[in-house]
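Read off the chains here:
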Amino acid sequence: MSGTSAALQPPADAVRPVRHPDAPAPGELLGAHYGQCFGCGEEQPHGLHLQARAGEHVSITAEFTVQAAHQGAPGLAHGGVLATALDEALGSLNWLLRTIAVTGRLETDFVRPVPVGTALHLEAEVTAVAGRKIYCTATGRIGGPEGPVAVRADALFIEVKVDHFIDHGREEEIQAAMSDPDQVRRARAFEVNP
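The structure reproduced in this document is the subject of the present report. Just so you know, these numbers come straight off a predicted model, no measurement behind them.

As for the overall build of the chain
Consideration 1: Assigned secondary structure in the chain consists of five helices and six strands.
Consideration 2: Reading the chain from its N terminus to its C terminus gives the helix and strand order β-β-α-α-β-β-β-β-α-α-α.
Consideration 3: Across the 194 residues that make up the chain, the buried fraction comes to 44%.
Consideration 4: Residue pairs in contact within the chain that sit at least 24 positions apart in sequence constitute 66% of those at least 6 positions apart.
Consideration 5: Accessible area of the chain: about 9700 Å², with a carbon and sulfur share of 51%.

Examining the environment of Gln9
Consideration 1: Checked against the element boundaries, Gln9 lands in the segment before β1 (51-54).
Consideration 2: In sequence terms Gln9 and Ala128 are 119 residues apart; their C-alpha atoms lie 9.3 Å from each other.
Consideration 3: Ignoring sequence-local partners within four residues, the contact set of Gln9 consists of Thr4 and Tyr135.

Describing the environment of Leu93
Consideration 1: On the secondary structure map, Leu93 appears in the loop between α1 (79-92) and α2 (94-97).
Consideration 2: On the basis of relative accessibility, which here comes to 0%, the residue Leu93 falls in the buried class.
Consideration 3: In contact with Leu93, other than residues within four places in its own chain, are Val58, Ser59, Ile60, Ala124, Glu125, Val126 and Cys136.

Comments concerning the pattern of salt bridges
Between side chains of opposite charge, pairing is possible as soon as their charged atoms come close.
Consideration 1: If you walk through the whole model with that rule in mind, you get one salt bridge.
Consideration 2: With a closest N to O distance of 3.0 Å, Arg105 and Glu107 form a salt bridge.
Consideration 3: For Arg105, a relative accessible area of 37% corresponds to the partly exposed category.
Consideration 4: Given a relative accessible area of 14%, Glu107 falls into the buried group.

Cut-off values and rules
- Going along each chain's sequence as written, the residues are numbered from 1 onward.
- For this predicted model, a pLDDT threshold of at least 70 governs which residues receive local features, and a threshold of 80 or more governs which side-chain atom pairs are given and counted, while totals over whole chains, interfaces and linings are taken from all residues.
- To obtain the side-chain values, all non-hydrogen atoms of the structure were used and water was disregarded.
- Helix and strand assignments come from DSSP, with helices taken as H or I runs of at least 4 residues and strands as E runs of at least 2, each series counted from the N terminus.
- Residue burial is assigned from relative accessible area. The probe radius is 1.4 Å, only protein chains are included, and a residue is buried under 20% of its type maximum, exposed over 50%, and partly exposed in between.
- In this description, contact between two residues means that some pair of their heavy atoms is separated by no more than 4.5 Å.
- Residue burial considers only the protein chains on display, and all accessible areas are found by Shrake-Rupley using a 1.4 Å probe.
- The rule for a salt bridge is simple: a side-chain nitrogen of Lys or Arg has to be within 4 Å of a carboxyl oxygen of Asp or Glu.

Now the structure itself:
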């Protein structure tokens, strides 16, 4: 990525990421972390409905199709929607580390316009870990994994405890998520984004 800030450069003592032994297997669909999530939630009528799959090591692939509700300029994806897709893909990486983390910084390069109706193929990977800091990168390509690059991002995620969400979220949604009998869904509801 061009012009990445110093805040996104891992420190000298950063280590290579280690995939958690209980992480989903490569190729496995990760599913939505929360039904109301704009990025991946199946209950959001105008959301991205991004679907991520575990990749090798600490990586994922994902795809979403740009809908009319996602446009900025006539017929083209809104840049904020593309940044959201990258953020969602990057956040999904934390499931492979089996940690709760939030976006601390996201830097995005917009390389080319993405037309409505386009399938955007995303690839993301964790590049380094330093304490609570998780450094990662993502690329979005038009039409498939070999398509032209449309967007790129580098990000820093910060590991947090579930209290972060309890302290800052709306009580009724927090309680609903905490009351979910499915332990995996309950844990995943608090995966990504501040």
